[in-house]
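One letter stands for each residue in the lines below.
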Amino acid sequence: MPHIIAREYKKIKTPAQRDGIEFLWFAEPLANASETLVCAKHENIYFLLTIKRKNGNFIIKSDKTTRPTPSTIVKKALKSFCSLAECDVIYSNIANIKDRHLEEGSRFLKDIWFFAQNFPKDKEVWIEIGFGSGRHLLHQARQNPDILFIGLEIHKPSIEQVLKQIKIQKLDNLYVIDYDARLFLEFVPSNLVGKIFVHFPVPWDKKPHRRVFSKRFIKEAKRVLKKNGILELRTDSRNYFDYAMELFMDEPRIHLEVLKNIETVVRSKYEDRWRRMEKDIYEIRMINDEVSESLILKGSFDFEGGLNVRNIIKNFSNRPIKYDEYFIHFEKLYKISEDSILIKLSFGAFDRPEHLYIIIDAKGAKYFPRNPVLSRLNLKAHNKIKEMLYGKQSNSSTRS
Ligand SMILES: C[S@@+](CC[C@H](N)C(=O)[O-])C[C@H]1O[C@@H](n2cnc3c(N)ncnc32)[C@H](O)[C@@H]1O
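Residues numbered from 1 in each chain as written. Predicted model: local features only at pLDDT ≥ 70, side-chain atom pairs only at ≥ 80, totals over all residues. Heavy atoms only, no water.

1. Some remarks on helix α5 (residues 156–168)
Structural remark: α-helix, 3.6 residues per turn; residues separated by three or four positions point the same way. As a reminder, the rule being used: Each helix corresponds to a stretch of at least 4 residues labelled H or I by DSSP, and each strand to a stretch of at least 2 residues labelled E; elements are numbered beginning at the N terminus. The span expected for a helix works out to 1.5 Å for each residue beyond the first. Using a 1.4 Å probe on the protein chains alone, a residue whose accessible area is under 20% of its type maximum counts as buried, one over 50% counts as exposed, and one in between counts as partly exposed.
Between the first and last C-alpha of α5 there are 19 Å, a value that for 13 residues agrees with the 18 Å anticipated at 1.5 Å per step. All buried positions along α5 are accounted for by Lys 156, Ser 158, Ile 159, Glu 160, Val 162, Leu 163 and Ile 166.

Okay, structure coming up:
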């Protein structure tokens, strides 16, 4: 993880800019927080750097919730910040900043807004979830130039490795997104996808709520798959296989193919490893034989007008609140200026929470660095968050 350790730094006057990175404001810890935050902006990407005291020094790194990809952006921001703030650096691991990666990333690395605002619909789409080394994804993209591939991954080094390969192999039919697969399908139009590959997902035996597969995931997969489209699960975990089978069998109607130790055209890195160890490999293919209704999502994540910042500070509680289907957790509170604050929070579905911030001032409030995903439970949670902040009932439409 890119970071810098400094003996001292100067609090710069914001806004400030250096080498393509803007620094817009500082946020100081008020409740339940110990680190200072700095809002950074690279092109249209907003993110936070954290400055934390440790053993008499300051560790400066990127905030996990807002961390952008590629990590080159973070490295650039750290370097620019330290130059502006005249950091007395005693350790740094950001020596090699390769701008080339930014260029490689910008074309094929897409953020969620690219898909949320105007999902590409002119070609059949195939999706791979958790592509890891990308061996299978890159092979499929090479073999099927008329298909648009979308690769989802949350491990940044894997993303950067695949972005490099896209360039080296001169592929132009593969987008990569750093996004949690449990949320992504909600953005995909109905009946568009030919195949969804989930190969060797993390089994999460001790934390099953973190698994990619869930009842909801199967429902969404059915909706986005075109007629005869396939959801393909491959795993070495008998536990995961049994768990997925149980979920499939809970569906009112299902068409499955179950395979064991079948030779595949291309073996992923994990598959190679498990085969060398002579482990059994299980595969379930769900063939979708239904046409789904179009996706209709309505609602907004707006806030309604000014808020009393002092009251919010006075009443701040970091106790998580659980409702029937969702939760809200105001985690930390920061002060940006006399009349503006920042809240770090998580909320939404128990198995697919949003982790975001809210910036609040006398004129209103907004989520940072982006709005939540438009989902039924996020809208419900948003309504409740408004009630909590405004101290009154508020209305906003939800998906029926
Ligand atoms: C065990 S590896 C398998 C990688 C690859 N499919 C293979 O077969 O070699 C699982 C991958 O899924 C990714 N992953 C885990 N949870 C995810 C999620 N919710 N959304 C997207 N990717 C995820 C991990 O970062 C990891 O790279």
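Having seen it, we continue.
2. Remarks on the pairing of strand β9 (residues 148–153)
Cut-off, in case you're wondering: Pairing between strands is defined by DSSP: at least two bridges between them are needed. The definition of a right-handed crossover adopted here requires that, viewed with the strands pointing away, the path from the first strand over the helix to the second runs clockwise.
Most of β9 sits out of view: six of its six residues are buried. Across five bridges, the pairing between strand β8 (residues 125–129) and β9 is parallel. When the sheet's bridge partners are listed, Val 125 is paired in β9 with Leu 148. The β-α-β motif built from β8, the intervening helix α4 (residues 135–143) and the parallel element β9 has right-handed crossover chirality. As for the winding sense of the linkage, the β-α-β connection from β9 through α5 to strand β10 (residues 174–178) is right-handed.

3. Concerning the site of the ligand
Formally: One heavy atom within 4 Å of a molecule or strand makes the whole residue count as near it. Two N or O atoms form a polar contact when they lie within 3.5 Å of each other; inside protein one atom must be a possible hydrogen donor and the other a possible acceptor, and for residues adjacent in sequence the pair counts only when both atoms belong to side chains. Only the protein chains shown count as cover for residues, with accessible areas throughout obtained via the Shrake-Rupley method and a probe of 1.4 Å.
Residues in contact with the ligand amount to 16 residues; listed here are only the nearest, Gly 130, Glu 153, Asp 180, His 199 and Ser 268. Ala 181 places a main-chain nitrogen or oxygen 2.9 Å from a nitrogen atom of the ligand. Tyr 270 is positioned with one of its backbone polar atoms (N or O) 3.3 Å from an oxygen atom of the ligand. For the ligand, the protein covers 89% of the area, taking 600 Å² as the surface of the free molecule.

4. Description of the packing of aromatic side chains
Here is the rule we go by: Only the six-membered ring of Trp is used, alongside the rings of Phe and Tyr, when aromatic pairs are assigned; centres must lie within 6.5 Å, and planes under 30 degrees apart are stacked while those over 60 apart are edge-to-face, with the rest tilted. Criterion for a charge above a ring: Arg CZ or Lys NZ at most 6 Å from the ring centre, at most 35 degrees from the ring normal.
Scanning the entire structure with this criterion turns up 28 aromatic pairs. A ring pair is formed by Tyr 179 and Phe 187, whose centres lie 6.1 Å apart and whose planes are at 75°; its orientation type is edge-to-face. Classification of Phe 187 by relative accessible area gives buried; the value is 13%. Linked through ring pairs, Tyr 9, Phe 23, Phe 26, Phe 58 and Phe 81 together constitute an aromatic cluster. Here Arg 211 stacks its cationic end above the ring of Tyr 243, 4.3 Å away from the centre of that ring. The cationic tip of Lys 279 hangs over the ring face of Trp 274; the distance from NZ or CZ to the ring centre is 4.4 Å.

5. Regarding helix α8 (residues 238–249)
Rules: Whether two residues are in contact is decided by their heavy atoms, any of which lying within 4.5 Å being enough.
Given a rise of 1.5 Å per residue, twelve residues ought to cover 16 Å, and the 16 Å separating the end C-alpha atoms of α8 matches this to within 8%. Among the structural elements, α7 (215–224), β12 (225–235), β13 (256–260) and β14 (282–287) are those in contact with the buried residues of α8.

6. Thoughts on the sheet that holds β10
For clarity, the threshold we go by: A fitted line through C-alpha atoms represents every axis, and for helices the fit uses only the stretch in contact; the resulting angles, taken between N-to-C directions, go from 0 to 180 degrees.
Taking strand neighbours across the sheet as the criterion, the seven strands line up as β10-β9-β8-β11-β12-β14-β13 in an open arrangement whose pairing is mixed. On the outer flanks of this sheet lie β10 and β13, each paired with one strand and no other. Along the sheet, successive strands turn relative to each other by an average axial angle of 15°, direction set aside. This element, α7, spans β8, β11 (193–199), β12 and β14 of the sheet and lies at about 140° to β12. Running at roughly 20° to β14, α8 makes contact with β12, β13 and β14 of the sheet.

7. Some thoughts on the domain arrangement of the protein
Test applied: Throughout, the edges of the domains are those of an automatic or database domain assignment. Summed over both partners, the accessible surface that disappears when two parts come together, traced with a 1.4 Å probe, is what is meant by buried area. Take a side-chain nitrogen of Lys or Arg and a carboxyl oxygen of Asp or Glu: if they are within 4 Å of each other, that pair is a salt bridge.
If you check the domain split of the protein, you get domain 1 (3–97), domain 2 (100–287) and domain 3 (309–390). Here domain 2 and domain 3 have C-alpha centroids that lie 31 Å from each other. With ten residues of domain 2 in contact, the opposing surface of domain 3 contributes nine residues. Of the roughly 930 Å² buried between domain 2 and domain 3, counting both surfaces, carbon and sulfur atoms make up 57%. Taken as a group, Trp 113, Leu 183 and Glu 186 account for 46% of the area that domain 2 buries against domain 3, more than any other trio of residues on that side. Our enumeration of links across domain 2 and domain 3 arrives at zero salt bridges. Linking domain 2 with domain 3 are zero residue pairs in polar contact (both at pLDDT 80 or more), by the criterion used here. Every element with two or more residues in the side of domain 2 that touches domain 3 is listed here: α3 (112–117) and α6 (181–184).

8. Let's talk about the pattern of salt bridges
This model, assessed by the stated rule, comprises 33 salt bridges. For Arg 285, the salt bridge is made with Glu 257, and the minimal N-O distance between the two is 3.4 Å. Taken together, the positions of Arg 285 in strand β14 and Glu 257 in strand β13 put the pair 28 residues apart, joining distant regions of the chain. Notably, a salt bridge pairs Arg 376 with Glu 325, separated by 2.8 Å at the nearest N-O pair. Taken together, the positions of Arg 376 in helix α11 (residues 376–390) and Glu 325 in the loop between β15 (321–322) and β16 (326–337) put the pair 51 residues apart, joining distant regions of the chain. Owing to a relative accessible area of 24%, Arg 376 belongs among the partly exposed residues under this scheme. You can call Glu 325 partly exposed: its relative accessible area is 31%.

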